[in-house]
Amino acid sequence: MSSLLNKELGIAAGIAVTSFVAGNLAARYMSATPTPPKEQPSAKQDNLKKSRTADEYVEENSLREPAVLKELREYTFKNVPMAKMVSDPCQIQFFRLLLNMLDAKKCIEVGTYTGYNVLSTALTIPSDGVIYALDINEDYVKEGYPFFEKAGVKDKIVVKIGPAVESLDELISKGETETFDFIYVDADKISYEKYLDRAILLLKSGGILAFDNMLQGGLVLDLTQEMTPEQRHSAEFLYKLNQKLKLDNRFQLSFLNIADGVTLCRKL
Ligand code: CA
């Protein structure tokens, strides 16, 4: 077997980790792999290039985005600063599948931004369900309000503005521990561990906590690469947190190489 074939099989095996969302992607992908250029890129560059192509392929062949959700996403990209903070639509579609599998009724999102995932969740949970939308600032959350209204789900959304640690502590002190099905954390990375400890208290046994951006655009893979001081602060923190999560036996763990890295913690 040639070393090139070995390499291609290695890449296909890596892609297969995420292919549970996309079906039989690895096999199809391999048949579409173009002839490598004369000057071989590094394995890492090669993988990154191919994973972007695979992401596009997955989106083309799987994304079923409710119309109002698409409108909110497009509105955000046209009108709101830092629109890259909108979570990946295929990732959020996967969350809708998880919510249905869990029969989720009570959810929390830490870090709402314009509410893309909050709206997706509200569209998915039943009429007596609730999603607490936590954010430090209402400026961006407000941009989502007309879409919550238009979708007819605003009564399922409870917005709490302020430090998320305080909002979570308030829910704990009100006796809401062990009542939540799903908690999504997509906020300031250096507070992730504080959110983890509180989320574990608030989740039911079998409930799922999802952390976003656990790969930090690849920065956690190699902390010696160039980055801004801000990026370094978050990357070093998440580098350590990823190591801790592996050893934390309070939950079942799955670190998914989708979007910017999503870690699922299912409370035992
Ligand atoms: Ca994010």
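The structure under discussion appears in the preceding block.
Residues numbered from 1 in each chain as written. Predicted model: local features only at pLDDT ≥ 70, side-chain atom pairs only at ≥ 80, totals over all residues.

Undergrad: A description of the overall build of the chain should follow, citing residues and the corresponding values.
TA: Helix and strand counts for the chain stand at 11 helices and seven strands. For the chain, the proportion of its 268 residues judged to be buried stands at 36%. Within the chain, contacts between residues at least 6 apart in sequence are counted, and of these 71% link residues at least 24 apart. (Helix = DSSP H or I, 4+ residues; strand = E, 2+ residues; numbered from the N terminus. Buried ≥ 20, exposed ≤ 12 C-beta atoms within 10 Å, placed from the backbone. Contact = placed C-beta atoms within 7 Å.)

Undergrad: Describe in detail the packing of helix 6 (residues 89-102) against helix 7 (residues 116-124), supporting the description with residues and values.
TA: Helix 7 packs onto helix 6 with a crossing angle of 35° between their chain directions and a minimal axis gap of 10 Å. Judged by the sense of rotation from one axis to the other, the crossing of helix 6 with helix 7 is right-handed. Each of I92, F95, R96, L99 and N100 in helix 6 lies in contact with helix 7, whose residues at this interface are Y116, N117, S120, T121 and T124. Along the lines of polarity and charge, the residues of the contact of helix 6 with helix 7 split into four nonpolar, five polar and one charged. (Axes fitted to C-alpha atoms, helices over the stretch in contact; angles between N-to-C directions. Left-handed = near helix turned anticlockwise from the far one by under 90°. Nonpolar A, V, L, I, M, F, W, Y, C, P; charged D, E, K, R; others polar.)

Undergrad: Account for the pairing of strand 5 (residues 203-211), naming residues and giving values.
TA: In this sheet, strand 5 lies alongside strand 4 (residues 180-185) in parallel orientation, the contact comprising five bridges. Opposite V185, over in strand 5, you have F211 as the bridge partner. Where the polypeptide runs from strand 4 across helix 10 (residues 192-202) and back to strand 5, its parallel neighbour, the crossover connection is right-handed. Pairing geometry for strand 5 and strand 7 (residues 262-267), over four bridges, is antiparallel. The partner of F211 across the bridge, within strand 7, is T263. (Pairing = 2+ DSSP bridges. Right-handed = clockwise from strand over helix to strand, strands pointing away.)

Undergrad: Mind laying out the environment of M82, listing which residues take part and the relevant values?
TA: Mapped onto the fold, M82 is located in the loop between helix 5 (67-79) and helix 6. A C-alpha to C-alpha distance of 9.9 Å links M82 and Y140, two positions 58 residues apart in sequence.

Undergrad: Before we move on, can you summarise the sheet that holds strand 2 (residues 130-135) with the specific residues and values?
TA: One open sheet accounts for seven strands, arranged 3-2-1-4-5-7-6; its pairing is mixed. The strands lining the two open edges of the sheet, one partner per strand, are strand 3 (157-161) and strand 6 (251-256). Between one strand axis and the next, the sheet turns by 15° as a mean value, whatever way the strands run. Inspection of the sheet shows strand 1 (residues 106-110) paired to strand 4 by four bridges, in the parallel sense. Bridging from a neighbouring strand, I108 pairs with I183 of strand 4. Packed onto the sheet, helix 7 meets strand 1, strand 2, strand 3 and strand 4 and runs at close to 175° relative to strand 2.

Undergrad: So what's going on with the packing of helix 9 (residues 164-173) against helix 10? Residues and values would help.
TA: The geometry of helix 9 relative to helix 10 is characterised by a closest axis approach of 10 Å and an angle of 20° between their N-to-C directions. The orientation of helix 9 relative to helix 10 falls into the category roughly parallel. Between helix 9 and helix 10 lies a crossing of left-handed hand. Contacts between helix 9 and helix 10 involve A164, V165, L168, D169, L171 and I172 from the first element and K194, Y195, R198, L201 and L202 from the second. Of the residues contributing to the contact of helix 9 with helix 10, the split by class is eight nonpolar, no polar and three charged. (Parallel < 35°, antiparallel > 145°, perpendicular 65-115°, else oblique.)

Undergrad: So, the environment of K194: which residues are in play, and what are the values?
TA: For K194, the location among the structural elements is in helix 10. As for K194 and A164, which are separated by 30 residues in sequence, their C-alpha atoms are 9.6 Å apart.

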